[in-house]
Amino acid sequence: MGKIIKVRCNGPEGHVNEVDLDEVLREDVVLKQAPAREGRRIPERLVLPCRFCTVGKVIVTREMIEENP
């Protein structure tokens, strides 16, 4: 279990979701592709489904990730 941050969904009820940064930033193995750049690439933003409702999305930005090393 890695670093966990709490982020509210943008749905009408604003549920608080726990996001495991190590899990969402883990590397995936892709075959038949050029070699990846060195270092860990942090995306501009990640959009995840809310764990408590079907209409809300949890948006994690690069700034939120960099604030929680």
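All values derive from a computational prediction rather than experimental measurement.

Here is what the cut-offs are and how they apply
Every chain is numbered on its own, with residues counted from 1 as its sequence reads. Two thresholds apply to this predicted model, a pLDDT of at least 70 for residue-level local features and 80 or more for giving and counting side-chain atom pairs, whereas whole-chain, interface and lining totals are computed over all residues. Hydrogens and water molecules were not included; the side-chain quantities draw on all heavy atoms of the structure. Think of it this way: any DSSP run of H or I at least four residues long counts as a helix, any run of E at least two long counts as a strand, and we number them from the N terminus. Two residues qualify as a contact provided that any one of their heavy atoms is within 4.5 Å of a heavy atom in the partner residue. In these tables, accessible area is a Shrake-Rupley quantity obtained with a 1.4 Å probe, and a residue counts as shielded only by the protein chains included in the view. Throughout this description, the term salt bridge denotes a Lys or Arg side-chain nitrogen within 4 Å of a carboxyl oxygen of Asp or Glu. Using a 1.4 Å probe on the protein chains alone, a residue whose accessible area is under 20% of its type maximum counts as buried, one over 50% counts as exposed, and one in between counts as partly exposed. By nonpolar core we mean a set of buried residues, namely Ala, Val, Leu, Ile, Met, Phe, Trp, Tyr and Cys, connected to one another through side-chain atoms within 4.5 Å.

Participant: Which residues make up the overall build of the chain, and what are the values?
Facilitator: The secondary structure content of the chain amounts to 2 helices and 4 strands. Starting at the N terminus and walking to the C terminus, you meet the elements of the chain as β-β-α-β-β-α. Residue pairs at least 24 apart in sequence account for 39% of intrachain contacts in the chain once pairs closer than 6 positions are excluded. Accessible surface computed for the chain: about 5,700 Å², of which carbon and sulfur atoms make up 50%.

Participant: Quick rundown of the pattern of salt bridges? Include the residues and the values.
Facilitator: Opposite charge on two side chains lets them pair, provided their charged atoms get close. For the structure shown, the criterion picks out 3 salt bridges. Here Lys6 and Glu18 are joined by a salt bridge, their closest N and O atoms 3.9 Å apart. In this pair, Lys6 sits in strand E1 (residues 4–8) while Glu18 sits in strand E2 (residues 16–20), placing the two residues 12 residues apart along the sequence. Overall, Glu18 belongs to the partly exposed group, its relative accessible area being 41%. With its nearest N and O atoms 3.3 Å apart, the salt bridge here joins Glu23 to Arg26. The exposure class of Arg26 is partly exposed, given its relative accessible area of 47%.

Participant: Account for the nonpolar core, with residues named and values stated.
Facilitator: Generally speaking, a soluble globular protein has its nonpolar side chains buried in company with each other. By size, the foremost hydrophobic cluster in this structure holds 12 residues: Ile5, Val7, Cys9, Val19, Leu21, Leu25, Leu46, Cys50, Cys53, Val58, Val60 and Ile65. If you list the elements that add at least two residues to this core, you get E1 and strand E4 (57–61). The residues contacting Cys50, other than those within four sequence positions of it, are Cys9, His15, Asn17, Gly56, Lys57 and Val58.

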